[in-house]
Structures are given as C-alpha cells and as structure tokens.
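Structural overview for review
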Amino acid sequence: MFSSELLAKYDIPAPRYTSYPTVPYWDKTPERSEWISSIKTSLEGDSSWSAYIHIPFCESLCTFCGCNTTITRNHDLEEEYVEFVLKEWSAYLEEVPELKEKPLRQLHLGGGTPTFLSPVNLQRLLSPILNSVVYDKENFEGSLEVDPRKTTREQLEVLSELGFNRISLGVQDFTFKVQDLINRVQTFEQTQEVTYAARELNYHSVNFDLIYGLPCQGIEEITKTTELTIELRPDRIALYSFARVPWIKPQQRKFTDDQLPVGAEKRALYEKSREMLLSAGYIEIGMDHFALPNDELSEGVKEKTLHRNFMGYTPYQTDVMIGLGVSSISESKTCFHQNEKILNFYKEKVSNHGIPTFRGHIHTEEDLFHRDLILELMTTFELNVPTQLQSSLKSYLTPLIQDGLCLLEEGKLEVTELGKPFIRNICMTLDKRMLDKKPETKIFSQSL
Ligand SMILES: C[S@@+](CC[C@H](N)C(=O)[O-])C[C@H]1O[C@@H](n2cnc3c(N)ncnc32)[C@H](O)[C@@H]1O
Ligand code: SF4
C-alpha cells in the first residue's frame, strides 16, 4: 500500500510523456520545406507510416473532458469538414508522393467523436484516403474512438467494410451518480450493444476508456465500473487518471475540490480496479493500460516493441505519423508538427496553404537522446543509463531511491513495484528541457 505521505510528496504537476520534448517545450516550428523533407527522409528505405484523423464534433459536452472538441448538434457541418480534411490530405500527397508507395500500417480516427459523422460521410472521408495508398490487409490496423451513446450499427458496418478492425469505447464510469455529475449519462446497455455489434462485425479488438479520480467517485463506484467492465471483457482497458486542467478547460471548474478524490484516496481507486482486473486475467501495461494476454499490447510488452505516442501505448512504432484535421499532431523521425487548433483557423489555413501548420518542433541531437531514454523507461520500466549521464542522474534520483521508488545499480535504472505509479516523476529526472527551465506557471496536470 502507498503511504499518504509518499503520495502527497510526489503528487506534483508532471507531463504524461506522450511526447518528448513535451508540447510546452517545443521551440522551433519547422518551415514547410523542413517539415516535408523530414517526412521524406523518415520514409526512406524499408519504412511504414500511420495516420490520425481528428473529428472534433460532439453533441454535448462532458464536463471532465480535456479533448479538443466542438460542441454542436448541427450535422450540416460534417460535409464541409470532410472536404477540408480531404483538401489537407491532397496537399500532403502532392508534396510527399512517397505516402502512396510506403505501406500505411495504422489509421486512427479520434476526437471529439468520429461517429458524429454519418455512415455516408465516414465513407466520403475514408474511401479517397484508403484508395490512394497501399496497405497490406493482414498488417493493417484501422481503429476508431466511439461514444456508445452516438454509435450505430450502420456506421460500424461501413467502417468494417473499409478495413477497420479495432474500436475504443468511451465509458469513463458505469455509475449514474458519477455520470450525472460529468454530464454523460450512458447506460450499461448502450455500451454492451456497441461492444457486441463490434464483435459481430469482426472488430477483433475492443478497448474501454475508464477514468479514476472523477467527482464523487469512490471505491463503490470504481468497483461497480470494473465489475461491469469485466462482464463485457474488452480486450484492452485504458484506466486514465482524471487530468484536471481547469485553466485550459473551464468546464472542469464546475467540480469543487471536496468532490474530487486526490492523493491516497485517488490512488486507492486505481489500486482497487487494478486488483480486480489482474484477478480477471488482464495484464498491466505501462502506467495506465491493461490487456488480455493474447492482445497485441501484451505481446508488445513480451517482445519489447511497446511504443508510446500521443495516443498512449501502442504495440509498435511507424516511421511517420501524419495527423489530419483540426489540432492533429504529426510526427516524423526528427520533427513534431501540429495543425491549427481552432476550427475556423484550420479551415482558413487549409484553404490558403493546404497544410495548416500551427506549431511544431525540430528535435536537436540532445532531444533525440533524451526522448529515447524516456520512451524506454515509460515502456519497460527499466533503463541502461548511458555512462555520461550516470552521475547527474544519480543526484536527481537520490530522493526517489531513498523513498524506494527505483534502484540505480551498475548503471541500470529499475522502477520498483512501489515506484510504478510514480513513473511520471521518475521520467522528470531525464527531462533535460524541464531540468534546464522549470515552467513558470502550472501547465501540467498532477502526476497521480
Ligand atoms: C475522444 S474521447 C473518446 C471518444 C468519445 N468522444 C467518447 O467520449 O466516448 C477520448 C478519451 O479521453 C479520455 N479523457 C478525456 N478527457 C480526460 C481527462 N480530463 N482526464 C482523463 N482522461 C480524459 C476519456 O477516457 C475519453 O474516452
Ligand atoms: S469525452 Fe468524448 S463525447 Fe465527451 S466531450 Fe470529450 S470527446 Fe466529446
């Protein structure tokens, strides 16, 4: 069990390390020519790539939500948005024809709510993209995030026919008390129906997103949520810590401090759910994921191919990720690139320039060095520390070693069982950019 003292000591603002450098430390946006040439270079030789398409729309706002969303019931917006994403895609194809030749390994639809789009508009968006690239059906992962309250069988059918085979359902919590407070009332039957339909339509992996630390969520609520999850037996579960960032997402100001579990109380929710999931046969992956033993994520842990990117843990890595749509992030071997985050600006830039750059980052040699170390630690919980770093790292790690969170012996850093929840804190000792310049204001959510 974790002592309250330990949890209080380390529950500090910390990045989630879905990228390194973390977004607030990006400091050199690539010129268009630099961005394009970094994609081309990354695609040289035996390479593959993946794509992410952001659909920002949701019909109602869940008050816990930290995603980039446009809340609307106006479905007339769908068609125009699809046109803009396709225009952006054409701009990429024109400048990087290699995207037509190198295999597409993964296409992910995220949001917002991708199933805001009608079956016709899903087809209109995806067919031209899939028809213009090559992919090996056996080795292709088509995945999407859905809100079970807004998902129809017809949408899943269209996507299955296009080759989609993985689905992630937003669940968060199964109890009415919590759902009501977060403005997201979703019945067990709605979640069950979409789960069953996906399996019938050959989606071979179903994921549930759950959150711990939501307002008024206690042991009773997390137990019920985990029990019902186990009943439906998704292949994967993401059990996210509630990220509270009210300075960015004002809707989260609705929750009062006394409604929100923090420190030991919050951690107990994760531990309860974890214990139940492990007893039910799930394997813990990284800091907040679980998977059945035959799922690719579990294989990724065994084979040591696990990767972490903006979408969390993935079983493998591609050489390039092209992000399309408002706010999407792309990644080459040497750059990050983010699209305009505000819908109107996104449309304007797509109209005028094709590629709607908002900001980005060109990695320095030092970034690449630290990125690889952080990635290795986040995915394997151990690290062979390069000689030149050993003495400085030791001084940063000493308090964490004294608290039993990790060991550093003969140049090998190992995170202990006790230290696993504190992985974000441990990674901070390798975050050169943050060590050099601490943030002046609060920009990250709490680490626990
Ligand atoms: C785009 S949504 C999933 C699809 C769909 N919009 C839905 O809600 O069902 C992405 C996921 O991010 C997670 N998420 C969103 N805001 C969060 C926050 N503040 N803290 C932790 N997880 C969050 C939720 O688990 C959510 O299911
Ligand atoms: S949790 Fe999903 S449905 Fe709710 S506002 Fe966020 S993106 Fe939209």
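What counts and what doesn't
- Residues take numbers from 1 onward in each chain, read along the sequence in its written order.
- Lettering for chains starts from A, numbering for ligands starts from 1, and both go in the order in which the items are written.
- Restriction of local features to residues with pLDDT of at least 70 applies here, the model being predicted, together with a cutoff of 80 or more for giving and counting side-chain atom pairs; totals for whole chains, interfaces and linings are based on all residues.
- Only hydrogens and water are removed before side-chain values are computed, so all heavy atoms of the structure are retained for them.
- Helical segments are the DSSP runs of H or I of at least four residues, strand segments are the runs of E of at least two, and each set is numbered from the N terminus.
- Computation of the radius of gyration draws on C-alpha atoms alone. For the globule rule, the value is 2.2 Å times the number of residues to the power 0.38.
- Accessible area is worked out with a 1.4 Å probe on protein chains only. A residue is then buried under 20% of its type maximum, exposed over 50%, and partly exposed in between.
- Between two residues, a contact is recorded if the distance between any of their heavy atoms is within 4.5 Å.
- In this description, strands pair whenever DSSP reports at least two bridges between them.
- Look down the strands so they point away from you; if going from the first strand over the helix to the second traces a clockwise path, that crossover is right-handed.
- A helix's residues, less one, multiplied by 1.5 Å, set its expected span.
- A cutoff of 4 Å decides nearness: a residue is near a molecule or strand if any of its heavy atoms lies inside that distance of it.
- Note on residue categories: nonpolar means Ala, Val, Leu, Ile, Met, Phe, Trp, Tyr, Cys or Pro, charged means Asp, Glu, Lys or Arg, and polar means any other residue, Gly included.
- A 3.5 Å cut-off defines polar contacts: any pair of N or O atoms within that distance qualifies, except that in protein one atom must be a possible hydrogen donor and the other a possible acceptor, and neighbouring residues in sequence count only when both atoms are side-chain atoms.
- The source of the domain bounds is an automatic or database domain assignment.
- Here the buried area means the combined drop in accessible surface, using a 1.4 Å probe, for two parts upon being joined, counting both sides.
- One side-chain nitrogen of Lys or Arg within 4 Å of one carboxyl oxygen of Asp or Glu is enough to make a salt bridge.

1. Quick look at the overall build of the protein
Scanning the protein from N- to C-terminus turns up 16 helices and 19 strands. Radius of gyration (C-alpha) of the protein: 21 Å, near the 22 Å computed for a compact globule of 448 residues. Once the C-alpha set of the protein is aligned to its principal axes, its extents read approximately 55 × 50 × 40 Å. Of all 448 residues assigned to the protein, the portion counted as buried reaches 58%. Here the contacts in the protein between residues at least 6 apart in sequence split such that 73% fall between residues at least 24 apart.

2. Some remarks on the pairing of strand E4 (residues 104-111)
Most of E4 sits out of view: seven of its eight residues are buried. One ladder, built from four bridges, connects E4 with strand E5 (residues 141-146); its direction is parallel. Across the sheet, His-108 pairs through a bridge with Ser-143, a residue of E5. Remark: the E4/helix H5 (residues 119-131)/E5 crossover connection has right-handed handedness.

3. What to know about helix H8 (residues 188-200)
An α-helix turns once every 3.6 residues. As a result, residues three or four positions apart point the same way. For H8, built from 13 residues, the straight-helix expectation of 18 Å at 1.5 Å per residue is met to within 8% by its first-to-last C-alpha distance of 18 Å. The secondary structure elements touched by the buried residues of H8 are E5, helix H6 (153-161), strand E6 (166-172), strand E7 (205-212) and helix H9 (219-232). With its phi angle positive at about 70°, Asn-202 sits one or two positions after the end of H8.

4. Quick look at the site of ligand 2
Lining the immediate environment of ligand 2, one finds Cys-58, Ser-60, Cys-62, Phe-64, Cys-65, Thr-69, Gly-112, Thr-113, Asp-147 and Arg-184. Here the shell around ligand 2 is composed, by residue class, of four nonpolar, four polar and two charged.

5. Some thoughts on the site of ligand 1
Near ligand 1 you find 20 residues, and of these Phe-64, Gly-112, Gln-172, Arg-184 and Asp-209 are the closest. One nitrogen or oxygen atom from the main chain of Val-146 is found 3.2 Å from an oxygen atom belonging to ligand 1. Between a nitrogen atom of ligand 1 and a main-chain N or O atom of Ala-243, the distance comes to 2.9 Å. Where the shell around ligand 1 is concerned, the elements lending two or more residues are E5, E6, E7 and strand E8 (236-241). Its residues placed into classes, the shell around ligand 1 shows eight nonpolar, eight polar and four charged.

6. Concerning the domain arrangement of the protein
Looking at the protein, the domain boundaries give domain 1 (1-21 + 365-448) and domain 2 (26-362). A separation of 26 Å is found between the C-alpha centroids of domain 1 and domain 2. Taking both sides of the interface into account, the surface hidden between domain 1 and domain 2 amounts to around 2,300 Å²; carbon and sulfur atoms contribute 59%. The tally of links from domain 1 across to domain 2 stands at four salt bridges. Salt-bridge contacts for Arg-16 lead to Asp-288; the nearest nitrogen and oxygen are separated by 3.5 Å. Where the side of domain 1 that touches domain 2 is concerned, the elements lending two or more residues are helix H1 (4-10), helix H13 (365-380) and helix H15 (423-428). Per element, the largest residue contribution to the side of domain 1 that touches domain 2 is six residues, and it comes from H13. Broken down by class, the residue content of the side of domain 1 that touches domain 2 amounts to 14 nonpolar, five polar and nine charged.

7. Details of the environment of Pro-128
Examined against the element boundaries, Pro-128 turns out to sit in helix H5. Here the alpha-carbon distance between Pro-128 and Ser-90, two residues 38 residues apart in the chain, equals 9.8 Å. The residues touching Pro-128, leaving out its near neighbours within four places in the chain, are Leu-86, Trp-89 and Gln-123.

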